[in-house]
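Understanding the architecture of this molecule
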Amino acid sequence: MKKMMRFRTQQTQALSSVSCRWQFPQKSKNNRVLNSDSVHSTLSRCPSDLIALSFFLWSAQRRNHDPLAFDHMVPVLSRLTHRFKTVQAILFELESIGCLTNPKSFIFLLRLFWRAGMHAMLFEAYHHMEQSYGFVPNTFARNLLMDALFRINQPHLALTVFEHIQTPNFFTFNIALVHLSNLNDVTRVTRILRLMLRMRYYPNALTFHTLLNCFCNMNALLEAYQLLGLMIVLGIEFSVNVWTILIHKYYKLGRLDVATGLLQNMTRTGCSPNVVTYTTLFKALMESNMVNDAFHLLNIMFSTGQIPDLILFNVLIDCLSKAGRYEDAIEAFLSMSEQNIKPDSFTFTSLLSIICSSGMFYLLPKLVRVCGHIDADVVFCNALLSSFIKAGHPSHAVGFYNHMVDEGFVPDKYSFAGLLGALCAARRIDEAVNVYHGVVMSYHNIDAHIHTVITGELMKAGKYHKAASVFKLAVMKKYRLDNVAYTVGIYAHLRSGRTLEACTLYGQMKDNGLKPNVHTCNMMLFTFCKEKDLQMVKEMLEEMIDSRIELSDRNFFNLCKFPCRSDAYFSALNLLAEMRDLGLLSAKALHALSFDRYAEGEKATYEHCAEVNTEWNIVPDLSSSEDLSDVAASGLDFGLLSARLHAFGSMVTDLNDIFDGNSRV
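The rules behind these values
Residues numbered from 1 in each chain as written. Predicted model: local features only at pLDDT ≥ 70, side-chain atom pairs only at ≥ 80, totals over all residues. Heavy atoms only, no water. Axes fitted to C-alpha atoms, helices over the stretch in contact; angles between N-to-C directions. Helix = DSSP H or I, 4+ residues; strand = E, 2+ residues; numbered from the N terminus. Parallel < 35°, antiparallel > 145°, perpendicular 65-115°, else oblique. Left-handed = near helix turned anticlockwise from the far one by under 90°. Contact = heavy atoms within 4.5 Å. Nonpolar A, V, L, I, M, F, W, Y, C, P; charged D, E, K, R; others polar. Phe/Tyr/Trp six-rings, centres within 6.5 Å; stacked < 30°, edge-to-face > 60°. Buried < 20%, exposed > 50% of the residue type's maximum accessible area, 1.4 Å probe, protein only. Disulfide = S-S within 2.5 Å. Patch = residues over 30% accessible without salt bridge, like charges linked within 9 Å, V, L, I, M, F, W, Y side chains within 5 Å. Areas by Shrake-Rupley, 256 points an atom, 1.4 Å probe, with all protein chains shown as cover. Salt bridge = Lys/Arg side-chain N within 4 Å of Asp/Glu carboxyl O. Expected span 1.5 Å × (residues − 1). Lys, Arg positive; Asp, Glu negative; His and termini not counted. Charge placed at Lys NZ, Arg CZ, Asp CG, Glu CD. pLDDT = per-residue confidence, 0-100. Core = buried A, V, L, I, M, F, W, Y, C linked by side-chain atoms within 4.5 Å.

**Considering the packing of helix H26 (residues 449-460) against helix H28 (residues 483-495)**
Viewed as axis vectors pointing N to C, H26 and H28 meet at an angle of 30°, and their least axial separation amounts to 9 Å. Relative to H28, H26 is oriented roughly parallel. Between H26 and H28 lies a crossing of left-handed hand. Along its contact with H26, which presents Thr 452, Thr 455, Gly 456 and Met 459, the element H28 presents Val 484, Ala 485, Val 488, Gly 489, Tyr 491 and Ala 492. Residue composition of the contact of H26 with H28, grouped by class: six nonpolar, four polar and no charged.

**Topic: the packing of aromatic side chains**
Counting across every chain of the model gives 14 aromatic pairs. With a centroid separation of 5.2 Å and 80° between ring planes, the pair formed by Phe 56 and Phe 70 is classed as edge-to-face. Remark: Phe 70 occurs in helix H4 (residues 67-84) and Phe 56 occurs in helix H3 (residues 49-60); sequence separation between them is 14 residues. We classify Phe 70 as buried; its relative accessible area is 1%. Between Phe 416 and Tyr 443, the ring centres sit 5.3 Å apart and the planes meet at 55°, which makes this aromatic pair tilted. Here Phe 416, found in helix H24 (residues 413-425), pairs with Tyr 443, found in the loop between helix H25 (429-442) and H26; they are 27 residues apart in sequence, far enough to count as distant. Taking relative accessible area as the criterion, Phe 416 reaches 7% and is therefore assigned buried.

**Here's the deal with the state of the cysteines**
One pass over the full model with this rule turns up zero disulfides. Lacking any disulfide linkage, Cys 216 is separated from the closest cysteine sulfur, that of Cys 214, by 9.2 Å.

**What to know about a nonpolar patch on the surface**
Residues Tyr 202, Val 233 and Leu 234 make up a contiguous nonpolar surface patch of roughly 290 Å² in combined accessible area. Within the element layout of this structure, Val 233 appears in helix H13 (residues 221-233).

**A few points about H28**
Across its 13 residues, H28 extends 18 Å between first and last C-alpha, which sits within 8% of the 18 Å expected from 1.5 Å per residue. Here H28 lies mainly inside the structure; 11 of its 13 residues are buried. Here H28 has its buried residues at Val 484, Ala 485, Tyr 486, Thr 487, Val 488, Gly 489, Ile 490, Tyr 491, Ala 492, His 493 and Leu 494. Looking at the buried residues of H28, the elements they touch are H26, helix H27 (464-476), helix H29 (499-511) and helix H30 (518-530). One or two positions beyond H28, positive phi appears at Gly 497, with a value near 80°.

**Observations concerning helix H12 (residues 205-217)**
Note on helix geometry: an α-helix contains 3.6 residues per turn, so any two residues three or four positions apart are oriented the same way. Relative to the 18 Å expected for 13 residues at 1.5 Å per residue, H12 spans 18 Å between its end C-alpha atoms, a close match to the ideal helical length. For H12, the set of buried residues is Thr 207, Phe 208, Thr 210, Leu 211, Leu 212, Cys 214, Phe 215 and Cys 216. Contact partners of the buried residues in H12: helix H10 (170-182), helix H11 (186-198), H13 and helix H14 (240-252). Positive phi shows up at Asn 219, right after H12, with a value of about 60°.

**Some words on a negative patch on the surface**
Taken together, the side chains of Glu 539, Glu 542, Asp 546 and Glu 578 make up a negatively charged region of the molecular surface. Position of Glu 539 among the secondary structure elements: in helix H31 (residues 534-546).

**Considerations on the packing of H11 against H12**
Here H11 crosses H12 at 145°, and the two axes come no closer than 10 Å. Judged by the sense of rotation from one axis to the other, the crossing of H11 with H12 is left-handed. On H12, the residues touching Val 186, Val 189, Thr 190 and Leu 193 of H11 are Leu 211, Cys 214 and Phe 215. Across the contact of H11 with H12, the residue classes tally to six nonpolar, one polar and no charged.

**Some thoughts on the confidence of the model for the protein chain**
Of the residues in the protein chain, 83% have a pLDDT of 70 or more, and the chain-wide mean is 81. Counting interchain partners and residues more than four positions distant, the pLDDT-below-50 stretch residues 26-32 has three contacts. Predicted confidence for residues 596-665 stays below pLDDT 50, and this span has 142 contacts to residues more than four positions away or in other chains.

**Notes on unusual backbone geometry**
Within the chain, Lys 85 stands out as a residue other than glycine whose phi angle is a positive 75°. Of note, Lys 85 is situated in the loop between H4 and helix H5 (87-96). The backbone phi angle of Asn 153 is positive, close to 60°, even though this residue is not glycine. Residue position: Asn 153 is located in the loop between helix H8 (139-151) and helix H9 (155-163).

**What to know about the environment of Phe 56**
The exposure class assigned to Phe 56 is buried, which follows from its relative accessible area of 0%. Phe 56 sits 49 residues away from Ser 105 along the chain, and the two C-alpha atoms are 9.4 Å apart. For Phe 56, the residues in contact, after removing those within four places along its chain, are Leu 43, His 65, Ala 69, Phe 70, Met 73 and Leu 112.

**As for the side chain of Asn 174**
Mapped onto the elements of the fold, Asn 174 is located in helix H10. What makes Asn 174 buried here is its relative accessible area of 14%. Beyond its immediate chain neighbours, meaning those up to four positions away, Asn 174 contacts Asn 204 and Thr 207.

**So, the pattern of salt bridges**
According to the stated counting rule, one finds 14 salt bridges in the structure shown. Here Lys 322 makes a salt bridge to Asp 318, at a shortest N to O gap of 3.2 Å. Within this pair, Lys 322 and its partner Asp 318 are both found in helix H18 (residues 310-322), separated by four residues, close to a single helical turn. Among the ionic pairs, Lys 460 bridges to Glu 457, the shortest N-O distance being 3.8 Å. Of this pair, Lys 460 and Glu 457 are both found in helix H26, three residues apart, which corresponds to roughly one turn of the helix. With relative accessibility at 40%, the residue Lys 460 sits in the partly exposed group. Using a relative accessible area of 12% as the deciding quantity, one classes Glu 457 as buried.

**Here we look at the nonpolar core**
Residues Leu 53 and Leu 551 are the most contacted members of the largest nonpolar core, which totals 201 residues. Excluding residues within four positions of it along the chain, Leu 551 makes contact with Asn 522, Leu 525, Leu 541, Met 544, Phe 556, Leu 559, Leu 576, Met 579, Leu 584 and Leu 585.

Given below as structure tokens:
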């Protein structure tokens, strides 16, 4: 301990001697010595970080430092913090070399911590200033504290500081408004804006832009209109950002006519649209299938000398891809090099979607080579993983997943989905199941998507019994399951011949508060039709009517060709009439109802095909739980319906009588 104290004394003496030999620039009468150049020169030549901080605090009380001086001190303060750990230790060392601590020094120290983003040290310095030195923080210090609390996602504490500022200034209100607007907190934004106006402070143009964006994001149109009125009253001109926000909002509201009208008003007022404005309206036109108008708008943009940026190219490629114009999208990508624009991960993700949608998998190796220079993110990696699977290279997908993890990417649920799909496609079933169990054990908050994926991918591989067993275990362990997961799980049980267990799962699904979707209901109805359980058919139809779920064409045709005419059957036909009146039958089904009246004349139009049970014959695409493909296959051929209607002519007559309202059943 004595050795440590002796070393500390020697260190302090050494610094003091250096400080004595190091002379700060003296302030002359004409105040020309202590200027920006001399401050920068002195800071860069200081023999230690401690002396540099001491000089900075000393000179800051004699002149206002420019941002360059603060930026120079950020790494200095970081090194001192790493060395001395606490604010108290740094202040002790400053005092040991003769740097006096006063309120102004604390204010500049707080500002340094704030600029360096060292929020924990700022909080420590703020409380140390109050408790150890008895200094009362002024409005500037409280503003820094409030801003730092907002930045660390503590808005409630920040608002508490706001409420205790006795003499708020413009910056007090501005800081609160900007942060609350970014949080889309319309209620508090409105309240603080009113307080600001009462104290005769007014937002600047940039703050108005932020406020308007908040109101539009939250559909607070009344507040947005009031804000625009305030801008007009204060004489603040609408900037290009304000016009763009309004155009984007009306496009999101589906009022494309108003959005295009705003563009015309914008140009009439002398405000020139920028690339962001044109990009917003171009995307709106493309999504409304107004392709010619969209490209006419681009021509107008080019005629005004506007240069497309990366975002515009990404929107262009994405919109062309969704419109099925794959070659045009690739041409747009190739033209990026002419504009010296480097594609990013979003660009390549869109190109991967084009390759998968168009089937041009021969472009995949070229794309992989080209995208080597970009800063890839996990979204792009997931898209590439999925592309390998769709291109028929599941082993490459597994290898890429391992490479992705080795490069430091943190897999998300879509990464795991891709890995499970690749392992199943590569017939590595046991490995896929082991990975699934490892994921659900390691990530306790994982959602239903992973259970949907493993069940569906096992079914794609033809492992229906394995899929049913895996899903049954997920139900027993009470994992988080949604209606999509249950639909796929029920499907697995039906395909593996476990009809009774499938019905039990259907009941559990409803007991858990999950509403069956159109796929689930039609799948269960198909099962009951196949087993000729008319009572369950009737109950299922009633449930579909109550939930307003549309009847699939195949189930409609199955009901029409039922080989019996019991009371339960005619009750089911009455339910079909009700479904027709509610619009729950397709146009194809409605057309078939009157088909017997002219079946002979139209018979040659349709081509007869053999009857097959195809309600279950398609395994859904389970790339995401949110986008489940139809579990039911497409409808039966009309030729089959025609043959059945001829075979059961009297039954069809009864059916038509019911739908015409003439039946006495």
